[in-house]
Amino acid sequence: MEQEILLTTLAYGGDAMGRLEDGRAVFVPFGLPGERVRVRLTEEKRAFARGELVEILEASPQRIMPRCKHFGVCGGCHYQNLPYEEQLKIKTQILRDQLTRIGRIENPPLREMIASPDPWNYRNHVQFHLTEEGKLGYVGAGPSFAQGIIPITECHLPEESINTLWPQLEFDPDANIERVSLRAGKENDLMLVLESNSAESPELEIEAEISVALVFEENAAVIAGNDHIVIPVLGRDFHVSAASFFQVNTALAEKMVQHLLTCLTVSLSTTLLDVYCGVGLFSAFLAPKCERVIGIESSPSACEDFAINLDEFDNVELYEGLAEEIIPYLKAKPDIVLVDPPRAGLDKHVVDGILKLKPQVIAYISCDPSTLARDSKRMIEGGYKLKQVTPFDLFPQTYHIESISIFEQ
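Note that this is a predicted model, so its numbers are computed, not measured.

A separate point is the overall build of the protein chain. The number of helices and strands found in the protein chain is eight helices and 21 strands. Its C-alpha atoms give the protein chain a radius of gyration of 22 Å, within 12% of the compact-globule value 22 Å for 409 residues. The dimensions of the protein chain, computed from C-alpha atoms along their principal axes, are 65 × 60 × 35 Å. Counting all 409 residues of the protein chain, 54% fall into the buried class.

Given below as structure tokens:
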């Protein structure tokens, strides 16, 4: 069924929102606020519906031509039809709305979003799926392409070194490869990571001199070259293994580190707890300024990288395991707790454990404003005040929003 509606706002997740005649909210990918559109309803619930954009009857004056020919069918980008300056405003508004509506925070202390120096070709890591023919692609957008893989011939998000190589890659459809990743490091070094449900290495013919690793059940096996890549941040090299997470926008990772160094008052008497510490990106810059740094990380690969990246420091210790299982048994009394959780945010036991530790400051690095808002509410109910929230645009052209929030007792 098709309906004509007026789109009024952009919601978190990338969809534009309008209202049906019966008052229900309807979410439409690739629409913009202020546009009158014709949509085809693809899903109907009691409180809301989802629709597919059929025709733009009245276009927004903000609408621009997307750079990529796959925009609208590929699920990788959401805002290529908006000028970059407008993307920053929209994301800031969405973050404010989530903090107000979910977190119940009136007038959240939101600062101006830190823009990416370049809104294109910023990703040092990109993940592809494979089509049935073995070609690289992304998950399609909208119900027409739900769960389907769209083969691509261009992408404007990866760094240039990645973009030079990936169009040359093609795989045997029977190679038992689930996903293909490319990572760019120092001096344009590249690593090809093959994710598989089998420990058997596929046959490859790659002429480029790159590292190749097979990841099976979080275990990485080297097929060619090195088992890691080196990513420099603010003049410091980070050892990042095939199965380890690292921020995909290096330029913005640097700005996040600088922001924390400015916001956190540390001294040689400070004990800092770094939860979800990963390969040690933030600990490496804070350790020289603290008396003691304690890291908690569940990924074995990231723990190995952390140990290498912070090997020079005698005041650093690392616990491998789930945060909710380690924090309740910590004997240390940290002055500052730094958390960088996945999109699901903080487990309730982690929040409760941190509140029992009673640090003076909690720094929360978030990649999901809805779970940040939920966890902020818990922190505030636990006696903390939200002092500032600074968004960072790590993911231009997409709906994703990174931020750093500072809580104080």
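Next comes the rest of the write-up.
On to the pairing of strand 18 (residues 336-339). Across the two faces of strand 18 the burial is the same, with Ile 336 and Leu 338 and Val 337 and Val 339 all buried. Alignment of strand 15 (residues 271-275) against strand 18, held across four bridges, turns out to be parallel. Each bridged residue has a counterpart across the sheet, and for Val 275 the counterpart in strand 18 is Val 339. In this sheet, strand 19 (residues 361-366) lies alongside strand 18 in parallel orientation, the contact comprising four bridges. Looking at strand 19, one finds that Val 339 is bridged to Tyr 364. Following the backbone out of strand 18, through helix 7 (residues 348-357) and into the adjacent parallel strand 19, one traces a crossover that is right-handed.

Counting residues in hydrophobic clusters, the biggest one holds 76 residues, and the most contacted among them are Phe 128, Val 180, Leu 182, Phe 238, Leu 264 and Leu 281. Residues within four places of Leu 281 in sequence aside, it is in contact with Val 233, Phe 238, Phe 246, Gln 247, Ala 253 and Val 257. Val 28, Tyr 276, Ile 327 and Leu 357 belong to the second largest nonpolar core, which has 51 residues in total.

Following the sequence through the fold, Val 222 ends up in strand 12 (residues 219-224). Taking relative accessible area as the criterion, Val 222 reaches 42% and is therefore assigned partly exposed. With sequence-adjacent residues up to four places away left out, Val 222 is seen in contact with Val 212, Ala 213 and Asp 227.

Attention now goes to the pattern of salt bridges. Per the counting criterion, the structure on display carries 21 salt bridges. Between Glu 195 and Arg 179 there is a salt bridge; the shortest N-O distance is 3.2 Å. Taken as a pair, Glu 195 in strand 10 (residues 190-196) and Arg 179 in strand 9 (residues 177-184) lie far apart in primary sequence, 16 residues in all. Note that Arg 236 and Glu 312 form a salt bridge whose closest N and O atoms lie 2.7 Å from each other. Of the two residues, Arg 236 sits in strand 14 (residues 236-241) while Glu 312 sits in the loop between helix 5 (300-309) and strand 17 (316-320), which places them 76 residues apart along the sequence. You can call Glu 312 exposed: its relative accessible area is 55%. Bridged by salt links that share partners, the residues Asp 15, Glu 43, Lys 45 and Arg 50 form one connected network.

A few words now on the environment of Ala 175. By the element assignment, Ala 175 lies in the loop between helix 2 (160-165) and strand 9. Taking the C-alpha atoms as reference points, Ala 175 and Glu 312, separated by 137 residues in sequence, lie 42 Å from one another.

Another point: helix 3 (residues 250-263). Across its 14 residues, helix 3 extends 20 Å between first and last C-alpha, which sits within 8% of the 20 Å expected from 1.5 Å per residue. What helix 3 keeps buried is the set Thr 250, Leu 252, Ala 253, Met 256, Val 257, His 259 and Leu 260. Buried-residue contacts for helix 3 involve strand 13 (228-233), helix 4 (283-286), strand 18, strand 19, strand 20 (385-392) and strand 21 (402-408).

As a further point, take the side chain of Asp 15. Inspection of the secondary structure assignment puts Asp 15 in strand 2 (residues 15-19). The exposure class of Asp 15 is buried, given its relative accessible area of 17%.

Each value, and the rule that gives it
- Residues numbered from 1 in each chain as written.
- Predicted model: local features only at pLDDT ≥ 70, side-chain atom pairs only at ≥ 80, totals over all residues.
- Heavy atoms only, no water.
- Helix = DSSP H or I, 4+ residues; strand = E, 2+ residues; numbered from the N terminus.
- Rg over C-alpha atoms; globule rule 2.2 N^0.38 Å.
- Buried < 20%, exposed > 50% of the residue type's maximum accessible area, 1.4 Å probe, protein only.
- Pairing = 2+ DSSP bridges.
- Right-handed = clockwise from strand over helix to strand, strands pointing away.
- Core = buried A, V, L, I, M, F, W, Y, C linked by side-chain atoms within 4.5 Å.
- Contact = heavy atoms within 4.5 Å.
- Salt bridge = Lys/Arg side-chain N within 4 Å of Asp/Glu carboxyl O.
- Expected span 1.5 Å × (residues − 1).

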